[in-house]
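In case you want the letters, here they are:
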Amino acid sequence: MIKKAVIPAAGLGTRFLPATKAQPKEMLPIIDTPTIQYVVQEAVDSGIEDILIISGKGKRAIEDHFDRNPELESRLSNEEKEQLFEEMRHISDMANIHYIRQREMNGLGDAIYYAKQHTGNEPFAVLLGDTIINSAIPVTQQLIDAYEQYQSAIVAVERVPFDKVSRYGIVGGKQLSDNIMEVTQFVEKPAQSEAPSNLAIAGRYILTPEIYKALEHTPKGKNNELQLTDALMLLTQTERVIADTIEGKRYDIGNKLDYLKTIVEYGLLRKEFSDPFYHFLVETLAAYGNAKKPS
Ligand code: G1P
């Protein structure tokens, strides 16, 4: 049983400046809902209610978002805005959320190490706070199902174009079935010529407590930071690690172009905007196409 999830959300968000100068990138909204709320919802939809958010400097807005706001609630209730009132209450009741602050920016591996005391001897899920995945079955649930079968660390992966492998952790190994691979190689952000495949780590993991020992023995890697990907490589020496090719569409909110694409897709998916937004896009594209074609 996976009962706990860890959401690392301490990164500086330099790829999204200036928007992230004074606000966490995890709070960037997809229309009206902060990215991290989707991430918490995915954990909850996968049956997890105990969530540890690894936060850091300048991340207080995340804590405020998942806290009660009595002033706002009483205002909404006085104005008889029942539905909004319920929605606001729901956010603070979604899960049992704990916080710990990463003191220095020492990488994803270091951020995960902060969860050691909280997760203890249990396996746990990890959901990166700047990635959302739209899928029929929540991706964390897909990984939990794989964990139940293999009883070992599980990493969500997806195929990416070969010219994008240097943006991700990349895995290589022995394919056990269509979507399951026993991993023998983990490389963080390799050059295209050094990538063992084009299967990229998709920001969701199930980790076993053994990861902490591996992290203790992992030297600093890419960008002089402690990389979770390197610790997973070490873990393969003592236990099996599985890569599960997930079903779903991943959105990386941490970079501007992907964020823009996410907003457009989620706008089209939202019932109340779907029709007018679709027509707006069609008209805009036609007008844009007539005026100046993108080079
Ligand atoms: C992190 C991980 C990388 C993974 C990626 C997914 O990198 O280190 O292995 O593929 O998330 O988004 P980051 O994007 O934080 O640099």
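If you're wondering where the values come from, they're calculated on a predicted model, not measured in any experiment.

Caption draft 1: Broad picture of the pairing of strand E8 (residues 153-159). In terms of burial, E8 is largely enclosed, as six of its seven residues are buried. Strand direction decides the pairing type here: E8 and strand E12 (residues 241-245), joined by five bridges, are parallel. Bridge pairing in E12 links Val155 to Ala243. With five bridges connecting them, E8 and strand E11 (residues 199-207) associate as antiparallel partners. By the bridge assignment for E11, Arg159 is matched with Leu199.

Caption draft 2: A look at the site of the ligand. The environment of the ligand is formed by Arg15, Leu108, Leu128, Tyr168, Gly169, Glu188, Lys189, Ile201, Thr229 and Arg250. Gly169 has a polar backbone atom sitting 3.0 Å from an oxygen atom of the ligand. Thr229 places a polar side-chain atom, nitrogen or oxygen, 3.3 Å from an oxygen atom of the ligand. Summarising the interface, the protein chains cover 82% of the accessible area of the ligand, which totals 380 Å² for the free molecule. Assessed atom by atom at 2 Å from the grid points, the ligand resides in the largest pocket.

Caption draft 3: Structural detail: the layout of surface pockets. Roughly 1,000 Å³ of internal volume is contained in the largest pocket. Arg15, Lys25, Leu128, Asp130 and Lys189 are, among the 39 residues lining the largest pocket, the residues nearest its centre. If you tally residues by element for the lining of the largest pocket, the top one is E11, at four residues. Tallied by class, the residues present in the lining of the largest pocket amount to 13 nonpolar, 15 polar and eleven charged. Quantified by volume, the second largest pocket comes out at close to 540 Å³. In this structure, the second largest pocket is lined by 25 residues; those nearest its centre are Thr33, Gln37, Tyr38, Gln41 and Met94. Looking at the lining of the second largest pocket, the elements with two or more residues in it are strand E3 (33-34), helix H1 (35-45), helix H4 (82-93) and strand E7 (131-134). Across the lining of the second largest pocket, the residue classes tally to eleven nonpolar, seven polar and seven charged.

Cut-off values and rules
- Residues numbered from 1 in each chain as written.
- Predicted model: local features only at pLDDT ≥ 70, side-chain atom pairs only at ≥ 80, totals over all residues.
- Heavy atoms only, no water.
- Buried < 20%, exposed > 50% of the residue type's maximum accessible area, 1.4 Å probe, protein only.
- Helix = DSSP H or I, 4+ residues; strand = E, 2+ residues; numbered from the N terminus.
- Pairing = 2+ DSSP bridges.
- Near = heavy atom within 4 Å.
- Polar contact = N/O pair within 3.5 Å; in protein donor to acceptor, adjacent residues only side chain to side chain.
- Areas by Shrake-Rupley, 256 points an atom, 1.4 Å probe, with all protein chains shown as cover.
- 1 Å grid on protein atoms, 1.4 Å probe; cavity = no way out; pocket = protein on both sides within 12 Å on 5 of 7 lines; lining within 4 Å.
- Sits in = over half its atoms within 2 Å of the grid points.
- Points joined across faces, edges and corners; volume = space filled by probe spheres on them.
- Nonpolar A, V, L, I, M, F, W, Y, C, P; charged D, E, K, R; others polar.

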